[in-house]
Amino acid sequence: MCDQTFLVNVFGSCDNCFKQRALRTVFKKSQQLSYCSICAEIMAADGLHENETLASLKSEAESLKGKLEEERAKLHDVELHQVAERVEALGQFVMKTRRTLKGHGNKVLCMDWCKDKRRIVSSSQDGKVIVWDSFTTNKEHAVTMPCTWVMACAYAPSGCAIACGGLDNKCSVYPLTFDKNENMAAKKKSVAMHTNYLSACSFTNSDMQILTASGDGTCALWDVESGQLLQSFHGHGADVLCLDLAPSETGNTFVSGGCDKKAMVWDMRSGQCVQAFETHESDINSVRYYPSGDAFASGSDDATCRLYDLRADREVAIYSKESIIFGASSVDFSLSGRLLFAGYNDYTINVWDVLKGSRVSILFGHENRVSTLRVSPDGTAFCSGSWDHTLRVWA
Amino acid sequence: MAAGPAPLGGHPRAQRPHLSKMERVVVSMQDPDQGVKMRSQRLLVTVIPHAVTGNDVVEWLIQKYCIAEDEALHLGTLLVQHGYLYPLRDPRRLLLRPDETPYRFQTPYFWMSTLWPAAELDYAIYLAKKNIRKQGALVDHEKAHYDQLHRKINHTWDLVVMQAREQLRAAKQRRKGDRLVIACQEQTYWLVNRPPPGVPSVLEQGPERGSCTARQVQMTVDFYKREIECCRKALGRTRVKSSVCLEAYLKFSSQRGPHDPLLSGCLPSNPWVTDNDTYWAMNAPSVAVPTKLRVEQWAFSFRELLEDPVGRAHFMDFLQTEFSAENLSFWEACEELRHGGQAQVPALVDAVYQQFLAPGAARWVNIDSRTMERTLEGLGRPHRHVLDDAQLHIYMLMKKDSYPRFLKSDLYKDLLAEAVVPLEMKRRVFPFMWKPRHSSPSLALLPTSTSGEPEAAAEGSSQQADPHKAGGPWTELAEAWHSSLAPSPTFGTDTQSKRHSLVVTSRGHGGAGGCATPTRPHQPSSSVVSQRPQLCHPVGQKWFQPCHPSTNQFWFK
C-alpha cells in the first residue's frame, strides 16, 4: 500500500454563507476568515474581476463615446454658416472703452455685474474684492480676503451681498453694508468647502443658494444660510474651471467646463450629468449659455471658442482664426445672441458674429491678458478685467 | 514673479499650447521661400546675416493671416515679447518697431518651450559676464539682482566668476559677428526670464491646474462607470436635426436684434456712451409706463414676461379678469420654495399646501389628479423639489392657455399703444454742458421710508418680511423721474450721506451667522403700501397677501 496523505478538514459554519461545510482559511484584507470552498472560489474570482474591470471599463467607455459621436453625426445635415448665409452681415463696429476702473493693486481675476446694470464686483490676486459703481467709477465697498488669487466672485441677485473665493478652497458670502461702523469682513459667512481652489461661483435665482466649481473636480450647490451641501456633481476628470446657469423655464440645469477638455451639462436636482461634450483640445476656461438657453459657448486654451447646441447634442460652430494663437479666457454673448465677446490671453478682445462664424472686430486696450469678461444685464455694455490691474467697460 | 511650473508627475499636461503655435509661426517665417525676406544687416562695422526688418515682419503677418496692420503689429510684438525675435540694436527693450529696425530669430536653444528653469546660477553667471566685459553695463535692476545673488549664493561665487571668465574667453575665439549675435540672444533670453521692473512677465501662468489628477482621485472604477452610464443615457436621448436647431438661432437673433443695445443702439441713448442714465430710469424694474420695446418683449416668450416685474404684474391683472390668478401665485410660491433657504422649506411647503392644495383651500389650483396624488404623497416628507411636478403643470397650463390669450387681449393691446418710445438723445458736444454722472442708490440700502425699528420678523406663516425686497429708493427715483423728467439729483448724494443706522438683522432663526438681509417692518396685509413692487428678484410679490397690486395706484396713472 502506498502512503496516502489525508487532508484534515475542519467542518463548521462558513463566515460568508453560514452553511455547514468544510472550511478553508482565507485572508481578506489581512483578516483571517474561514470560508467554505465555494465562497473561497468566488472570492478569488472577484479579485480577478476587480483588476480586469478598470481596463475593460476604460475601453468600454471609449467605444461608447465613439458610438455616441456616430449617432450625433447622423442628424447633422447642415452647418451653421450655411444656414446663416441668408442673414445680413453686420456693419462695422465701433466699440470703445467708456470707463476704466483703476484701483486694484494686482491682477484682476474675476468680475460680475449687479442686476442694477451699473454696479460690479471684482476680485484680484492680492485678495482684494471691490464693489464699484462703474458708471461713476466710484468704489463703494472693499474687502480683503485672507487668501490670494481670488478667482471667483459673484453678485447676489438682490444686490445685497457678494460671494467670493479662491485659493482658500472656500466660498464666502459678504453682505454689503453702508454702515461706516461695520466691518464687512465681520459678517462674512463661509458657505462652501472644497478640497482644492475655488474656480467659479454663482448665485442661483435667489440669495439663498450658491453654485460653486472647484479645482477638486467637482461642482456643488450650497444653502447659504446654513452652509449645507444640497447637491454635489461628480464627473469631471480634472479641475472644473467655469460654470454657468441655464436661463431656462424650469431653471434646473447648468453647464461646467474643465481641464479635462469636457463641457458637461448637469441636472441640479438629481446631480446627474445630462450631456457631455468633448471636442476642445485644451482646458475650457469659460462657458456661457446662449440667451435662449438652447446652446452654450465655450472658450478654451486651444485658442478657439465653440458653440454647442443642446437639442442637436453636438458642437455646431468653431470660432477661430489662424492669427489667434493665445487661449480664450472668457466669453459672453450680447443680449440677442448675435455677438460673442471673447477675451484672450494675448491682451485682446475679439468680437465674433455667432451666426456667420466670422470675426467682427478686435479690441485693443488692455496691457496684459484679459482674464474675465461679462456683458451687463441689460446688454448696454460689457466689462473686461485684466491682469494689467484694470477693468474696462466697453460700449 | 514665479515662472510657470513645469508639468507635474503623472501625465504631463500640455501647459502652454500657445508656445507651440508661436513656434510654428516663427518657423514658417524663416521658410526660405515663403518666409520673411532676410537680409544682411550692417551694424557699425560688422555684418550680421539673416536679419529681418520690423516692417517686413508686419507685412508678412498681414499677408499670411489676412489681418489688419494693428493686429499684425500686436502679434509681432507678442512674438518679440516671448523672445522668439530679438532686436539687434537696443536689445534692452522687447518691442517690435514697424520700421527698418533689424531683428533676428532666436535660436531654438533659448525658446521658452524648452522649459529650462533659468536658474539663479545661470543668471549670476550672465550678470557676472556682463559686469566683467564692460564695467557699468549693468542696468539698475540688474545691479540690484547682482548684489542680491552675490549675497545669496556667495558660497559658489568663485564658480560663478570662473564660469563667466571662461565663457568670455571662449567667446573671444569667435568672429565678432557671432559674438554679437550670441550676446543679443542671451540678453533676450534673460529679458524674458527676468523682466525689468514694470514689464509684465510673459511667463506668469496663474495657479497650478490639474494637480488633482496627479492624486489620481478620479481615475477609478466609479469614474468610468459614471462615464459609461452617462454615455449610455446620451445614446438613448432624442436629438433634433441640426437644420431645425440652427434655424432657431436665426429666428431668435433676428427677433432680438432691435432689443440688443450693442447691436442696434438704444433710445434715448446708451448711458455708457452719452453719460446720461435716462435709459435706465425709463427701463427701471418697476416703472409706471414701460417702453415699447419692453412691452413687445413680453410677447417673445412666457419666461420673459414673467421675468419682468412689470410684465408679471400686468399678467396677474389679466389672470384676475379670468379668475385664474391663483395659478400665478402658486407658481410664485413654488419658486420661492425652490430657491429659498433650506430652513424655510417645511414651513413654506405647509403654507403652500394650506393656501393652494388642500381640499377647500382658499386659492385652490386645478392640477390633474395624478400629479396631485404624487404631490400629496410627497408632502409627507417635504423637500425643496416636492412641488416641482405641480409647478411645471401649472406653468405649462399658463403658458399654453392663459399666455396666448393675454397677448391677444385688450389689456395687452392697450399697453402696447400706451407704451413710450423715447426720443433719441445725441451726445452733447460741448463738455461744459454735460451733466455730472449721478450715482444711484445701492440696492443694499434700506428703503428710506422705514419707521425706526423693524418689528420682530420670523413668526411662522405670518412672516411678512421678504428678504429680497429693497424697494424704496428705486420706486421713489422712478416717480421723481416721471414727474420731473430728470433724475432727481438729491438721490445721488443724499442717501449716501444719510447713513441712518442700517439695521441688518438675521432672519431671526437664532443663528447669529445668518446671512444679513434687511427685514421689512411687519405690515398689515390689507395695506396697499406693502405692495412694493419687486425689483431685482424674479420671485414676485408675496403670494399669500390677498390684496392685489391693481388697487395700488402706482401701476395705473
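Every chain begins its residue count from 1, and numbering advances along the sequence as written. To label them, take the chains in the order written and letter them from A, then take the ligands in the order written and number them from 1. With the structure being a predicted model, the display of local features is reserved for residues of pLDDT at least 70 and the display and counting of side-chain atom pairs for 80 or more, all residues being used for whole-chain, interface and lining totals. Excluded from the side-chain calculation are hydrogens and water; included are all heavy atoms of the structure.

Looking at an unreviewed UniProt entry, one finds chain B named Regulator of G-protein signaling 11 isoform X4 and attributed to Vicugna pacos.

Under an unreviewed UniProt entry, the name given to chain A is Guanine nucleotide-binding protein subunit beta-5 isoform X1, and the organism recorded is Vicugna pacos.

Chemist: Any chance you could explain the overall build of chain A here in plain terms?
Modeler: Starting at the N terminus, helices and strands are each numbered in turn, a helix being any DSSP run of H or I of at least four residues and a strand any DSSP run of E of at least two. Secondary structure summary: chain A contains two helices and 31 strands in total. With the radius of gyration taken over C-alpha atoms, the globule rule is written as 2.2 Å times the number of residues to the power 0.38. Scaling as 2.2 N^0.38, a compact globule of 395 residues should have a C-alpha radius of gyration of about 21 Å, whereas chain A reaches 27 Å, well beyond that. With the C-alpha coordinates aligned to their principal axes, the bounding extent of chain A is approximately 105 × 60 × 35 Å. With 395 residues in all, chain A has 64% of them scored as buried. Contacts are residue-level and defined by heavy atoms, with any inter-residue pair within 4.5 Å sufficient. Expressed as a percentage of contacts within chain A between residues at least 6 apart in sequence, the contacts between residues at least 24 apart total 42%. Total accessible area on chain A is roughly 14,800 Å²; 49% of this is exposed by carbon and sulfur atoms. Looking at charge distribution, chain A has the averaged site of its 41 positive side-chain charges lying 5 Å from that of its 48 negative ones. For every residue, the accessible area (1.4 Å probe, protein chains only) is compared with the maximum for its type, and the residue is labelled buried under 20%, exposed over 50%, or partly exposed between those bounds. Each accessible area is a Shrake-Rupley estimate made with a 1.4 Å probe; only the visible protein chains count as cover when residues are assessed. In this charge count, Lys and Arg are treated as positive and Asp and Glu as negative; neither His nor the chain ends contribute. For charged residues, the charge sits on one atom: NZ in Lys, CZ in Arg, CG in Asp, CD in Glu.

Chemist: Looking at this structure, I do not really get the packing of helix H16 (residues 309–321) of chain B against helix H20 (residues 388–408) of chain B. What am I missing?
Modeler: Pairs of packed helices are described in terms of their axes, by the angle between the two and the distance that separates them. Residues and elements named next belong to chain B. Orientation of H16 relative to H20, taken along the N-to-C sense of each, is 95°, at an axis distance of 10 Å. Viewed along their axes, H16 and H20 adopt a mutual orientation that is roughly perpendicular. Between H16, through His314, Phe315, Phe318 and Leu319, and H20, the contact on the second element is made entirely by Met398, Ser402, Tyr403, Arg405 and Phe406. Helix axes are fitted to C-alpha atoms over the stretch in contact, other axes to C-alpha atoms as well, and angles between N-to-C directions run from 0 to 180 degrees. Any angle that falls under 35 degrees is termed roughly parallel, while one over 145 is termed roughly antiparallel, one within 65 to 115 roughly perpendicular, and all others oblique.

Chemist: Even after reading the chapter, I still don't get the sheet that holds strand S23 (residues 305–309) of chain A, so can you show me in this structure?
Modeler: Residue and element names in this part refer to chain A. One bridge is not enough; two strands pair if DSSP finds at least two bridges between them. Pairing in this open sheet of four strands is antiparallel, and the strands run S21-S22-S23-S24 from one edge to the other. What marks the edges here is a single partner per strand, and that holds for strand S21 (284–289) and strand S24 (314–319). In this sheet, adjacent strand axes meet at a mean angle of 25° when their direction is disregarded. Direction of pairing for strand S22 (residues 295–300) relative to S23: antiparallel, over a ladder of five bridges. Among the inter-strand pairings, Ala295 is bridged to a residue of S23, identified as Asp309.

Chemist: I keep staring at the UniProt feature "domain: RGS" (unreviewed entry) in chain B and nothing clicks. Help me out?
Modeler: UniProt positions are given in the numbering used here, feature names are shortened, and annotations may be inferred rather than shown by experiment. Look at the UniProt record and you will see "domain: RGS" (unreviewed entry) annotated at residues 301–416 of chain B. Secondary structure within residues 301–416 of chain B divides into 73% helix and 0% strand; the distance between the first and last C-alpha atoms comes to 16 Å.

Chemist: Would you mind showing me how to read a nonpolar patch on the surface here?
Modeler: Judged by side-chain polarity, B:Leu121, B:Leu159 and B:Met162 come together as a nonpolar surface patch covering roughly 240 Å² of accessible area. Along the chain, B:Leu159 turns up in helix H6 (residues 157–172). By definition, no residue in a patch forms a salt bridge, and every one has over 30% relative accessible area; like charges are joined within 9 Å, nonpolar side chains (Val, Leu, Ile, Met, Phe, Trp, Tyr) within 5 Å. Salt bridges are counted wherever a side-chain nitrogen of Lys or Arg sits within 4 Å of a carboxyl oxygen of Asp or Glu.

Chemist: What's the story with the side chain of A:Ser134 in this structure? I'm lost.
Modeler: Looking at the secondary structure, you find A:Ser134 in the loop between strand S7 (128–133) and strand S8 (138–144). Residue classification places A:Ser134 among the buried residues on the basis of a relative accessible area of 0%. At 2.4 Å, the side chain of A:Ser134 and the backbone oxygen of A:Arg118 are in polar contact. Residues contacting A:Ser134, with those up to four places away along its chain left out, are A:Arg99, A:Leu101, A:Trp113, A:Arg118, A:Arg119, A:Ile120, A:Val393 and B:Trp272. Contacts described as polar in this section are N or O atom pairs within 3.5 Å, which, within protein, must combine one atom able to donate a hydrogen with one able to accept it, while residues neighboring in sequence count only if both atoms come from side chains.

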